[in-house]
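One letter stands for each residue in the lines below.
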Amino acid sequence: MIRRIAISTGGGDAPGLNAVIRAVVLSATNRGWECFGIRDGFNGILCPERYPEGGLIPITRDKVRGIGHLGGTILGTTNKGDPLQFPTIQADGSVVLRDRSGEVLVYFQKENLDALISVGGDGSLAIAHALHKKGLRVVGVPKTIDNDLDKTFTTFGFDTAVSFATDCIDRLHTTAESHHRVLVMEVMGRYAGWIGLHSGIAGAAHCILIPEIPFDIDKVADMVRRRDQQGRMYSIVVVAEGAAPAEGGRQVIEPAGHGRLERLGGVGDAVARALQERTGKEARVVVLGHLLRGGSPTSFDRLAALRFGAAAVRALDEGLSGVMVSLSHPNVVYVALEEVAGRMKSVPLDSDTLQTARDIGICLGD
Ligand code: F6P
């Protein structure tokens, strides 16, 4: 019997989080349940001193009115608060990672919370799986602009990021053509090339470099020269942040540490420099970065997020736990969290989307 549930949003934010929260709260309160939000992932529970107004806040219908179209998350989020490896500063200033997941379970008992809806990417879903194995009733909701979560057709946030990136490529075409330049646009996506591939094709980029296909910069330079010879004096290159040359590694801004993943970035700049050197053409770089995570969710993402939130509440109502809601087009279904935790979805090399890029003559750097 469920009476009180909590919801948390963890990892990097993605457009659609507020729509999930809205759907969860409305679906739950319509069943007579009370809803609470945990602030900043699990920090609201594990670092109560940071929240004078409380790390656990009641979320009523009033609180979710008019938030469905807003980016970000009204609960806050963090990618530095994994309860299984929680960064703790020692007296000497050093940081150690401690397993504090037991405290989350105790907190749920103390607050009479019957279940958790955990909205997040691979990290948050792995945490949800671990908490489920320890006895917490948990349902996961997949979120990420990167679209790199396995066992779901897509995640909300991805469509918004792709739409924005496509719009940016459209804008780059005119200025690149006017100045006869090479314009390199770097996009996020971590170790997967979904955002780069989808926006690059939709925006008619001339070259798309993704982590799944190690690139040869000389092939990209050949493409730029070929276009020049054909009288098309500009080129647009979309580079996913995780893309790497066949000879060499990924560009990292900050190595992994203190319980957080490495920060990728810089490959766009490296590609632009190498192309300028090889072709003699002026090459510039634009890094979209966090712009891809902001803004209002597209109607596709809004609907997906609302469907996911409502389905998560239905899952709890049906007595399920340890599952993630997932889009198995056209339906929302449930998959076991253990099938998702720790698995990444890359762009399949035999996908028709990739083949489309090749068929219409986009250079993939190989
Ligand atoms: O996972 C979403 C994402 O935006 C990735 O595309 C990117 O590599 C990462 O998060 C950036 O995270 P942060 O904002 O912590 O640097």
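Remember, predicted model here, so these are calculated numbers, not experimental data.

Quick one: what's the story with the sheet that holds strand 8 (residues 182–187), residue by residue and with numbers?
Taken together, the four strands give an open sheet; going across it, the order is 9-10-8-13, and neighbouring strands pair in parallel fashion. Either end of the sheet is taken by a strand with one partner, and the two such strands are strand 9 (207–209) and strand 13 (283–287). Shown here is a sheet whose adjacent strand axes are inclined to one another by a mean of 20°, direction ignored. Direction of pairing for strand 9 relative to strand 10 (residues 235–240): parallel, over a ladder of three bridges. Residue pairing for strand 10: I208 is matched across the bridge by V238. Each of strand 8, strand 10 and strand 13 is contacted by helix 5 (residues 158–179), which is oriented at about 165° to strand 8, the strand it contacts most. The strands touched by helix 6 (residues 194–202) are strand 8, strand 9 and strand 10; relative to strand 9, the strand with the most contacts, the crossing angle is about 175°.

Account for the nonpolar core, naming residues and giving values.
I5, I117, V141 and F156 are the most contacted members of the largest nonpolar core, which totals 35 residues. Mapped onto this core, the elements with two or more residues apiece are strand 1 (4–9), helix 1 (17–29), strand 6 (115–120), strand 7 (138–142), helix 9 (299–317) and strand 14 (323–328). Residue contributions to this core peak at eight residues, all from helix 9. Excluding residues that lie within four positions of it along the chain, I5 makes contacts with V24, A28, W33, E34, C35, F36, L113, A115, I117 and L316. Core analysis: the second largest hydrophobic core is formed by 34 residues, V162, V187, I210 and L364 among them.

How would you explain the site of the ligand if you had to name every residue and give the values?
With respect to spatial proximity, the complete set of residues near the ligand consists of N79, I145, D146, M188, G189, R190, E241, R260, R263, H290 and R293. One of the side-chain N or O atoms of D146 is found 2.6 Å from an oxygen atom in the ligand. Between the ligand and G189, the relevant distance is 3.1 Å, taken from an oxygen atom to a main-chain nitrogen or oxygen of the residue. Taken by itself the ligand offers 400 Å² of open surface, and the protein chains cover 86% of this. Residue assignment places the shell around the ligand across two domains, with domain 1 (4–156 + 297–339) and domain 2 (160–294) each supplying three or more.

Tell me what's going on with helix 8 (residues 267–279), and back it up with residues and numbers.
Its 13 residues give helix 8 an end-to-end C-alpha distance of 18 Å, which sits within 8% of 18 Å, the value for a rise of 1.5 Å per residue. When helix 8 is considered as a whole, its buried residues turn out to be V267, G268, V271, A272, A274, L275 and T279. For helix 8, the arc enclosing every buried residue in end-on projection is 170°, short of the 170-degree limit, so these residues lie on one face. Residues of helix 8 that are exposed and point more than 90 degrees away from the buried face comprise R273 and E277. Contact partners of the buried residues in helix 8: strand 8, strand 9, helix 7 (217–229), strand 10 and strand 13.

Which residues make up unusual backbone geometry, and what are the values?
Of the consecutive residues H329 and P330, the connecting peptide bond is found in the cis state with omega at 10°. Backbone geometry places K151, a non-glycine residue, at a positive phi of 65°. With respect to the helices and strands, K151 occurs in the loop between strand 7 and helix 5. The partly exposed category is assigned to K151, whose relative accessible area is 32%. Even without glycine at this site, A204 takes up a positive phi of about 60°. Counting through the fold element by element, A204 comes out in the loop between helix 6 and strand 9.

Analysis parameters
Residues numbered from 1 in each chain as written. Predicted model: local features only at pLDDT ≥ 70, side-chain atom pairs only at ≥ 80, totals over all residues. Heavy atoms only, no water. Pairing = 2+ DSSP bridges. Helix = DSSP H or I, 4+ residues; strand = E, 2+ residues; numbered from the N terminus. Axes fitted to C-alpha atoms, helices over the stretch in contact; angles between N-to-C directions. Contact = heavy atoms within 4.5 Å. Core = buried A, V, L, I, M, F, W, Y, C linked by side-chain atoms within 4.5 Å. Buried < 20%, exposed > 50% of the residue type's maximum accessible area, 1.4 Å probe, protein only. Near = heavy atom within 4 Å. Polar contact = N/O pair within 3.5 Å; in protein donor to acceptor, adjacent residues only side chain to side chain. Areas by Shrake-Rupley, 256 points an atom, 1.4 Å probe, with all protein chains shown as cover. Domains from an automatic or database assignment. Expected span 1.5 Å × (residues − 1). Arc of directions from axis to C-beta.

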